[in-house]
Amino acid sequence: MVFGIGKKGGKAKKEIKAPTRSKRRKGLFAPFSQYFFNLISKYSASQEEVVGIEVTPTSVKVAQLNEQHDRWSLTKFSYRNVENGNEELLRTNPEIYVEQIQTALQIAKIETVNAAIALPVSSAIIRVLQMPIMTDEEMNNAIATDSLWENLTQLPDALENYSIFHQVIKRHTERNIMDVLFVASKIDDVNLYADLVRQAGLIPVIVDVRCFALRNAFEAQILNQPRIASQQGPLAILEFSDN
């Protein structure tokens, strides 16, 4: 789930730079991670707290972290099971989930109103597209007319029904092509989860697809641990979850 970001330890306010990835670990989702970290940095620098919220058809989770000595630790957490929960119940009876969010916030004693929301992977289409090399200006012009994504993707619904994030991963000048990370989330799904959070009395400030949120939380931890960050070879993420 998306983990909430708490205030840094100590009373003095100071600017907190967004974490950046080690060059030796540069990979596919680095641009997306940096985008997420920049958002986190915005709220950390202003010393505002953020609570992480994940809503699934069967459960509600809220969490908040606190940083001490460059290490993040889980300080507040609450889990609520939704009895007989399913996708249809989530969409037709959202008030059930709003009540569970409010109860979870009370149990965890969450005081902030800023929320980071984890979108389910099922609500997003994630692809790496290859296209002829363009400058940023050329790409923005093509996106403005909707011609770029319509020519490169075949989405189940009309393009206007999606909120789209894109980032150039790499330009292969020798082959005159470039790799572009393409993430499309259904606007109806984004609004559904954002409305649940708003009705619970919170303000959505970050919306992140769950798989990216999990990876970003992991990356934020290893970046602050030089011993782990300097290791060669693969690293594994082990998640315990109800779904």
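Everything below is about the structure printed above this text.
Residues numbered from 1 in each chain as written. Predicted model: local features only at pLDDT ≥ 70, side-chain atom pairs only at ≥ 80, totals over all residues. Heavy atoms only, no water.

**Q** So what exactly am I meant to see when it comes to the sheet that holds strand 7 (residues 177-186) here?
**A** Within a beta sheet, neighbouring strands are joined by backbone hydrogen bonds and run either parallel or antiparallel to one another. Judged by pairing direction, the sheet is antiparallel, and its three strands sit side by side in the order 5-7-6 without closing on themselves. Each edge of the open sheet carries a strand with a single partner, namely strand 5 (124-132) and strand 6 (162-172). Pairs of neighbouring strands in the sheet enclose a mean axial angle of 20°, with direction left out of account. Sheet analysis places strand 5 next to strand 7, joined by nine bridges and oriented antiparallel. Paired with Met131 across the strands is Met178, a residue of strand 7. Helix 4 (residues 136-144) rests against strand 5, strand 6 and strand 7 of the sheet, and its axis sits at about 150° to strand 6. Where helix 6 (residues 187-199) meets the sheet, it contacts strand 6 and strand 7, and its direction lies at approximately 55° from that of strand 7. (Pairing = 2+ DSSP bridges. Helix = DSSP H or I, 4+ residues; strand = E, 2+ residues; numbered from the N terminus. Axes fitted to C-alpha atoms, helices over the stretch in contact; angles between N-to-C directions. Contact = heavy atoms within 4.5 Å.)

**Q** What exactly am I supposed to notice about the packing of aromatic side chains here?
**A** Centre-to-centre distance and the angle between the planes together describe a pair of aromatic rings. Enumeration over the complete set of coordinates arrives at one aromatic pair. Ring geometry for Trp149 and Phe182: centres 4.9 Å apart, planes at 55°, overall tilted. Taken together, the residues Trp149 in helix 5 (residues 147-152) and Phe182 in strand 7 connect sequence positions 33 residues apart. (Phe/Tyr/Trp six-rings, centres within 6.5 Å; stacked < 30°, edge-to-face > 60°.)

**Q** How should I be thinking about the nonpolar core in this particular structure?
**A** Most often, soluble globular proteins have nonpolar side chains that are buried together. Counting 26 residues, the largest nonpolar core has Val51, Ile53, Val55, Tyr97, Ile101, Tyr193 and Leu196 as the members making the most contacts within it. At the level of elements, strand 1 (51-56), strand 2 (59-68), helix 2 (87-92), helix 3 (94-108), strand 4 (114-119) and helix 6 are the ones that each hand at least two residues to this core. Excluding residues within four positions of it along the chain, Ile101 makes contact with Ile53, Val55, Val60, Leu196 and Ala200. In terms of nonpolar packing, the next biggest core, distinct from the first, is built from 16 residues, Ile125, Met131, Leu155 and Leu159 among them. (Core = buried A, V, L, I, M, F, W, Y, C linked by side-chain atoms within 4.5 Å. Buried < 20%, exposed > 50% of the residue type's maximum accessible area, 1.4 Å probe, protein only.)

**Q** What's the story with the side chain of Asp179 in this structure? I'm lost.
**A** Tracing the chain through its elements places Asp179 in strand 7. A distance of 3.1 Å separates the side chain of Asp179 from the side chain of Gln130, its partner in a polar contact. Contact partners of Asp179, with chain neighbours within four places excluded, come to Val128, Leu129, Gln130, Gln167, Val168, Ile169, Lys170 and His172. (Polar contact = N/O pair within 3.5 Å; in protein donor to acceptor, adjacent residues only side chain to side chain.)

**Q** In this structure, what is going on with the side chain of Ser59? I would like to understand it.
**A** By the secondary structure assignment, Ser59 is in strand 2. Judged by relative accessible area, which is 0%, Ser59 ranks as buried. A polar contact is formed between the side chain of Ser59 and the side chain of Lys61, at a distance of 3.5 Å.

**Q** Explain the pattern of salt bridges here, please?
**A** A side chain of one charge can pair with a side chain of the opposite charge if their charged atoms are brought near each other. For the structure on display, the rule yields eight salt bridges. Across the pair Glu174 and Arg175 runs a salt bridge, and its minimum N-O distance is 4.0 Å. According to the relative accessible area criterion, Arg175 is partly exposed, its value standing at 47%. Through salt bridges that share partners, Glu54, Lys61 and Arg210 make up one connected network. (Salt bridge = Lys/Arg side-chain N within 4 Å of Asp/Glu carboxyl O.)

**Q** Quick question: what am I supposed to make of the sheet that holds strand 1 here?
**A** Read from one edge to the other, the open sheet built from five strands follows the order 3-2-1-4-8, with strand pairing classed as mixed. Each edge of the sheet is formed by a strand with only one pairing partner; in this case those strands are strand 3 (71-81) and strand 8 (203-209). Between one strand axis and the next, the sheet turns by 25° as a mean value, whatever way the strands run. Pairing between strand 4 and strand 8: six bridges, direction parallel. Bridge assignment links Leu119 to a residue of strand 8, and that residue is Val209. Seen against the sheet, helix 3 touches strand 1, strand 2 and strand 3 and runs at an angle of roughly 135° to strand 3. Lying on the sheet, helix 6 is in contact with strand 1, strand 4 and strand 8; it crosses strand 4 at an angle near 145°.

**Q** Help me understand the environment of Val82 in this model?
**A** Locating Val82 in the fold gives a position in the loop between strand 3 and helix 2. For Val82, a relative accessible area of 3% translates into the label buried. Each C-alpha atom of the pair Val82 and Val55 lies 10.0 Å from the other, and the pair is 27 residues apart in sequence. Those residues within four positions of Val82 in sequence are excluded, and the remaining contacts are Pro57, Thr58, Ser59, Leu89, Ile96, Tyr97 and Gln100.

**Q** Please clarify how the environment of Arg91 should be interpreted in this entry.
**A** Tracing the backbone through its elements, the reader meets Arg91 in helix 2. As for Arg91 and Asp189, which are separated by 98 residues in sequence, their C-alpha atoms are 9.6 Å apart. Apart from residues lying up to four places away in sequence, Arg91 is in contact with Asp189 and Leu192.

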